[in-house]
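Spelled out, the chains give:
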Amino acid sequence: MKKIPELLAPAGSLQMLRTAFDFGADAIYAGQPRYSLRVRNNDFGKIEVLKQGIDTAHDLGKKFYLVSNLLPHGGKTRTYIKDMDPVIALKPDAIIMSDPGLIMMAREAWPDMPIHLSVQANTVNGASAKFWRSVGISRVILSRELSFDEIEEVRQDCPEMELEVFVHGALCIAYSGRCLLSGYMSHRDSNQGACTNACRWDYKVKPGQQNQSGDVVLLQEAKRPDDLMPMEEDEHGTYIMNSKDLRAIEHIEKLTAMGVDSFKIEGRTKSPYYVARTAQAYRAAIDDAVAGRPFNTALLGNLEGLANRGYTDGFYERHHDKEYQLYMRGYSLSGRSLYVGETLEVDEVNGRVKVDVKNRFSVGDKLEILDPKGNQDLVLDAMWNMSGEPITVAPGSGHFVWIPLKIKGQKAYIARYTNEPAPVETESACATCG
């Protein structure tokens, strides 16, 4: 019987946590702002919220991993144990850490607490995995820069270590998160959780004066027109450009066969809809892989509907062959969709739901209803405002409407089918998430 890998989803709020579990996640990861690499859009800074999240996970038979993965300067090492003692008392299922000093302190203070090694530690070989195993680490989150062959080598070199890999979400332009660009540009250190996503800003290339080494290329950021930065390039390329987003759902079957223990989705600052869509898709891919069913290419189209900067499967395969390229283009683009709302209230008497509108949609649109108990499609034939008056358009964020809909649970997310390209987000988390 094949081992069933864990599906690990991000959570920046209790709503995201519940959504992740409703749509198929086995575990979530979340962290307090002071000691994890997520300062903004993080509700778990309050210990009462953290307790509620951990208790909810355990009541559902799920797991809650506490992210504590920053690379601390001296001041934070001196407060770490005192600050974290009441958090550890809440009994998270593991701590995700990267700094050797903090790991040593945690092992001494809480010897029974499992520790997972963050991707920030950049583990790329089996010897490193053996070392971390020798100091009490139970799971290694492998660096994103590894290929299938290299992951397989780590698996063979250290079979007793649990291995976790990222399969979806933002990618760093630096080596798995160790980026100085945000600190250089805006004095906000990504390694302390304050990344401004400087790699994703709007840059223009300007010609400079020629010198002995050839043409000088200057980089201009849209909001800093007078701050021209020289851009250097070597035989490998330049290092200040926007990365595509990771999507490796087509590789779940292969990674499952290798014995990978956990598949991780990036995105603690994303929306509950993002968590619903990704968790549902990857849950289906994992279940198919374990059951021996072929990969369902419709899942690729489902993920196209999420805001993204174009997708890549990262470093898993160095060179894609012709068959792979045809395989990737073989799914229908008609399945693209745009997130337009979430249900707030169910009116069973009148067979309708109250919707918190996120993006514009209209009567006549074909909608997809993401429901933990089973998705459904419908063509919207009526809509009412909060006064009960018929309307034809839900204008956008900030509005609330009623639509005729019966959902199977108490919460669902609504998307509008569109053949337009997936939207590009203007702001997103950096990928240094665990």
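Structure shown above.
Residues numbered from 1 in each chain as written. Predicted model: local features only at pLDDT ≥ 70, side-chain atom pairs only at ≥ 80, totals over all residues. Heavy atoms only, no water.

*Asks:* How would you sum up the sheet that holds strand β21 (residues 413-417)? Please name residues and give values.
*Replies:* Across the sheet, which stays open at both edges, the six strands sit in the order β18-β17-β21-β14-β15-β20 with antiparallel pairing between neighbours. Across the chains shown, the open sheet's two edge strands, defined by having one partner strand only, are β18 (376-379) and β20 (400-404). Looking at each pair of strands side by side, their axes are set apart by 35 degrees on average, direction ignored. Inspection of the sheet shows strand β15 (residues 352-357) paired to β20 by five bridges, in the antiparallel sense. When the sheet's bridge partners are listed, Val353 is paired in β20 with Ile403. (Pairing = 2+ DSSP bridges. Helix = DSSP H or I, 4+ residues; strand = E, 2+ residues; numbered from the N terminus. Axes fitted to C-alpha atoms, helices over the stretch in contact; angles between N-to-C directions.)

*Asks:* Please provide a residue-by-residue account of the packing of helix α1 (residues 14-22) against helix α2 (residues 47-59), values included.
*Replies:* At a minimum axis separation of 10 Å, α1 and α2 run at an interaxial angle of 10 degrees. Our classification of the angle between α1 and α2 gives roughly parallel. The residues of α2 that touch α1, namely those facing Leu14, Leu17, Arg18 and Phe21, are Val49, Gln52, Gly53, Thr56 and Ala57. For the contact of α1 with α2, the per-class residue count stands at five nonpolar, three polar and one charged. (Parallel < 35°, antiparallel > 145°, perpendicular 65-115°, else oblique. Contact = heavy atoms within 4.5 Å. Nonpolar A, V, L, I, M, F, W, Y, C, P; charged D, E, K, R; others polar.)

*Asks:* Run through a nonpolar patch on the surface, naming residues and quoting values.
*Replies:* Taken together, Leu344, Met386 and Phe400 make up a surface patch of nonpolar side chains, about 260 Å² in accessible area. Note that Met386 resides in the loop between β18 and β19 (393-394). Overall, Met386 belongs to the partly exposed group, its relative accessible area being 41%. (Patch = residues over 30% accessible without salt bridge, like charges linked within 9 Å, V, L, I, M, F, W, Y side chains within 5 Å. Areas by Shrake-Rupley, 256 points an atom, 1.4 Å probe, with all protein chains shown as cover. Salt bridge = Lys/Arg side-chain N within 4 Å of Asp/Glu carboxyl O. Buried < 20%, exposed > 50% of the residue type's maximum accessible area, 1.4 Å probe, protein only.)

*Asks:* Break down the nonpolar core for me, with residues and values.
*Replies:* Counting 91 residues, the largest nonpolar core has Phe64, Ile249 and Leu255 as the members making the most contacts within it. When residues of this core are assigned to their parent elements, the largest contribution, ten residues, is made by helix α9 (residues 272-291). Both domains that meet at this core, namely domain 1 (6-172 + 244-325) and domain 3 (337-417), each give it at least three residues. Leaving out residues up to four positions away in the same chain, Leu255 has contacts with Phe148, Ile151, Val165, Val167, Val260, Phe263 and Tyr316. Judged by nonpolar contacts, the second largest core, of 17 residues, contains Val355, Phe361, Leu378 and Leu380. (Core = buried A, V, L, I, M, F, W, Y, C linked by side-chain atoms within 4.5 Å. Domains from an automatic or database assignment.)

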